[in-house]
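A look at the structure
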Amino acid sequence: SPVGLYKELIKRSEAGLDFSGISSLNLDEYIGLNGYHEQSYRYFMKQHLFDGINIDQKNTQVPRGDMPDTEAEAKRYEDLIQTTEPAMIKILGIGGNGHMGFNEPGDEFIRETHVGDLTRETIDANGRFFDSVQDVPKQAITMGVGGILRAKKIILIALGESKQLAVKALEDGRIMPENPSTILKVHPDVTVLCDRSAAALLDIEQVKREV
């Protein structure tokens, strides 16, 4: 979902916007993939953003999915989050089941960075990026909801018909771990950007009245 935003940031960088003082912390990485794997999120960020702007890539942080002790890597990344100044802006996508990063639906919200199992829905949805759905990793390291909510401002981008139910769940007052994105309702500064397909189930007139 954020690829269009990244393209715009690259255009602005080419026009003179300076990213040399910027640092970033990504949300997640597949377990078992190193940063050179074409389907890793480190590779994705280099391809779609980092290589197109003048950011110092030493200041770009992504969890290491190829570390032998994944739990230790999750703790290292959580410690990094907690010792870094809260992000000015956190850019999020959303899964069809409401996941953010790889915070998948469950019985409770997980606050800290953790190793999580991908749901079948997420594996099937991400299969289009791999040679086959069998190649999709079954686990990922992901920033927890606590790290996400530390950001001063959150922008959530939702595109496509498959996101309709997840976006609709943001409209009512319920906060439920079965749809992890609903935790964003406790944050004071969230902007949701969606196309017409993703917004098709929203009560647009009600949203207009509330605004």
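Up top is the structure these notes are about.
None of these values were measured; they are calculated from a predicted model.

Conventions and cut-offs
Residues numbered from 1 in each chain as written. Predicted model: local features only at pLDDT ≥ 70, side-chain atom pairs only at ≥ 80, totals over all residues. Heavy atoms only, no water. Helix = DSSP H or I, 4+ residues; strand = E, 2+ residues; numbered from the N terminus. Rg over C-alpha atoms; globule rule 2.2 N^0.38 Å. Buried < 20%, exposed > 50% of the residue type's maximum accessible area, 1.4 Å probe, protein only. Contact = heavy atoms within 4.5 Å. Areas by Shrake-Rupley, 256 points an atom, 1.4 Å probe, with all protein chains shown as cover. Lys, Arg positive; Asp, Glu negative; His and termini not counted. Charge placed at Lys NZ, Arg CZ, Asp CG, Glu CD. Polar contact = N/O pair within 3.5 Å; in protein donor to acceptor, adjacent residues only side chain to side chain. Pairing = 2+ DSSP bridges. Axes fitted to C-alpha atoms, helices over the stretch in contact; angles between N-to-C directions. Salt bridge = Lys/Arg side-chain N within 4 Å of Asp/Glu carboxyl O. Expected span 1.5 Å × (residues − 1). Arc of directions from axis to C-beta. Parallel < 35°, antiparallel > 145°, perpendicular 65-115°, else oblique. Nonpolar A, V, L, I, M, F, W, Y, C, P; charged D, E, K, R; others polar. Core = buried A, V, L, I, M, F, W, Y, C linked by side-chain atoms within 4.5 Å.

1. Points about the overall build of the chain
Counting its secondary structure elements, the chain contains seven helices and eight strands. Taking 17 Å as the expected radius of gyration for a compact globule of 211 residues, we find that the chain reaches 17 Å, a close match to that expectation. With respect to the principal axes defined by its C-alpha atoms, the chain has extents near 45 × 40 × 35 Å. Across the 211 residues that make up the chain, the buried fraction comes to 42%. A separation of at least 24 residues holds for 74% of the contacts in the chain among residues at least 6 apart in sequence. With an accessible surface of roughly 11600 Å², the chain has 51% of that area assigned to carbon and sulfur atoms. Distance from the positive charge centre (24 side chains) to the negative charge centre (33 side chains) of the chain: 5 Å.

2. So, the side chain of Gln164
Along the chain, Gln164 falls in helix H6 (residues 164-169). Within the structure, the side chain of Gln164 is placed 3.0 Å from the backbone oxygen of Ser197, a separation counted as a polar contact.

3. Quick notes on the pairing of strand S6 (residues 139-142)
In this sheet, S6 lies alongside strand S2 (residues 28-30) in antiparallel orientation, the contact comprising three bridges. Looking at S6, one finds that Asp28 is bridged to Thr142. As paired elements, strand S5 (residues 114-117) and S6 share four bridges and run antiparallel to each other. Residue pairing for S6: Val115 is matched across the bridge by Ile141.

4. Some remarks on the sheet that holds strand S4 (residues 89-92)
Strand order in this open sheet of three strands is S4-S7-S8, and the pairing throughout is parallel. Among the strands making up the open sheet, the edge pair consists of S4 and strand S8 (190-194). Between one strand axis and the next, the sheet turns by 15° as a mean value, whatever way the strands run.

5. Here's the deal with the side chain of Asp28
Its place among the elements puts Asp28 in strand S2. Put simply, Asp28 is tucked away with no salt bridge, and the nearest opposite charge, on Lys90, sits 9.6 Å away.

6. Points about helix H1 (residues 3-14)
Along its 12 residues, H1 runs 17 Å from first to last C-alpha, staying within 8% of the 16 Å computed at 1.5 Å per residue. The complete set of buried residues in H1 reads Tyr6, Ile10 and Ser13. Relative to the axis of H1, the buried residues are bounded by an arc of 60° and lie together on one face. The exposed set on the far side of H1, more than 90 degrees from its buried face, consists of Lys7 and Lys11.

7. As for the packing of H1 against helix H2 (residues 41-48)
Between H1 and H2, the least distance of the axes is 10 Å, while the angle of their chain directions is 45°. With respect to H2, the element H1 is oriented oblique. Only Phe44, Met45 and His48 of H2 make contact with H1, whose side of the interface consists of Val3, Tyr6 and Ile10. The class makeup of the residues in the contact of H1 with H2 is five nonpolar, one polar and no charged.

8. Considering the nonpolar core
If you look at soluble globular proteins, the nonpolar side chains tend to sit buried side by side. Counting residues in hydrophobic clusters, the biggest one holds 21 residues, and the most contacted among them are Leu92, Met100, Met143, Ile148, Ile154, Leu156 and Leu184. Among the elements of the structure, helix H3 (70-83), helix H5 (145-149), strand S7 (153-158) and H6 are those that each provide at least two residues to this core. In contact with Leu156, not counting residues within four places along its chain, are Leu92, Gly93, Ile94, Leu170, Leu184, Thr191, Val192 and Leu193.

That is the geometry; function is a separate question.
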